[in-house]
Amino acid sequence: MKYQKKRKDLFKIFGEKAKEMEEFVEENEMDLKKNGSIFQLFTYYNSRFPDFVPIMDQLLDEGD
């Protein structure tokens, strides 16, 4: 999925959770110009859903 690189436009993706996501970024002093920060943001967003399974766990398990 393509996303807007402009900070204010990025949060629109999250719909009604946009404010919560902005607060998460501010509280954690994240630099959204870094790909790792974008990954963290989406991981946090996805973790808000009941059946969330962290992708990092899946990626790390593949190497075993």
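Residues numbered from 1 in each chain as written. Predicted model: local features only at pLDDT ≥ 70, side-chain atom pairs only at ≥ 80, totals over all residues. Heavy atoms only, no water.

Participant: An account of the overall build of the chain is needed here, citing residue identities and associated values.
Facilitator: When helices and strands are tallied, the chain shows 4 helices and 0 strands. Each helix (α) and strand (β) of the chain, taken in turn from the N terminus, gives the series α-α-α-α. Long-range contacts, defined here as pairs at least 24 residues apart, represent 32% of the contacts in the chain between residues at least 6 apart. (Helix = DSSP H or I, 4+ residues; strand = E, 2+ residues; numbered from the N terminus. Contact = heavy atoms within 4.5 Å.)

Participant: So what about the nonpolar core? Which residues, and what values?
Facilitator: In terms of nonpolar packing, the biggest core is built from 12 residues, these being Leu10, Phe11, Phe14, Ala18, Met21, Phe24, Val25, Met30, Leu32, Ile38, Leu41 and Tyr45. The element that contributes the greatest number of residues to this core is helix α2 (residues 18–27), accounting for 4 residues. (Core = buried A, V, L, I, M, F, W, Y, C linked by side-chain atoms within 4.5 Å. Buried < 20%, exposed > 50% of the residue type's maximum accessible area, 1.4 Å probe, protein only.)

Participant: Let's hear about the packing of α2 against helix α3 (residues 35–46): which residues, and what values?
Facilitator: At a closest axis distance of 11 Å, the pairing of α2 and α3 adopts a crossing angle of 135°. Judged on the interaxial angle alone, α3 and α2 are oblique. When the axes of α2 and α3 are compared, the crossing they make is right-handed. Between α2, through Glu20, Met21, Phe24 and Val25, and α3, the contact on the second element is made entirely by Gln40, Leu41, Tyr44 and Tyr45. Residues of the contact of α2 with α3, tallied by class, amount to 6 nonpolar, 1 polar and 1 charged. (Axes fitted to C-alpha atoms, helices over the stretch in contact; angles between N-to-C directions. Parallel < 35°, antiparallel > 145°, perpendicular 65-115°, else oblique. Left-handed = near helix turned anticlockwise from the far one by under 90°. Nonpolar A, V, L, I, M, F, W, Y, C, P; charged D, E, K, R; others polar.)

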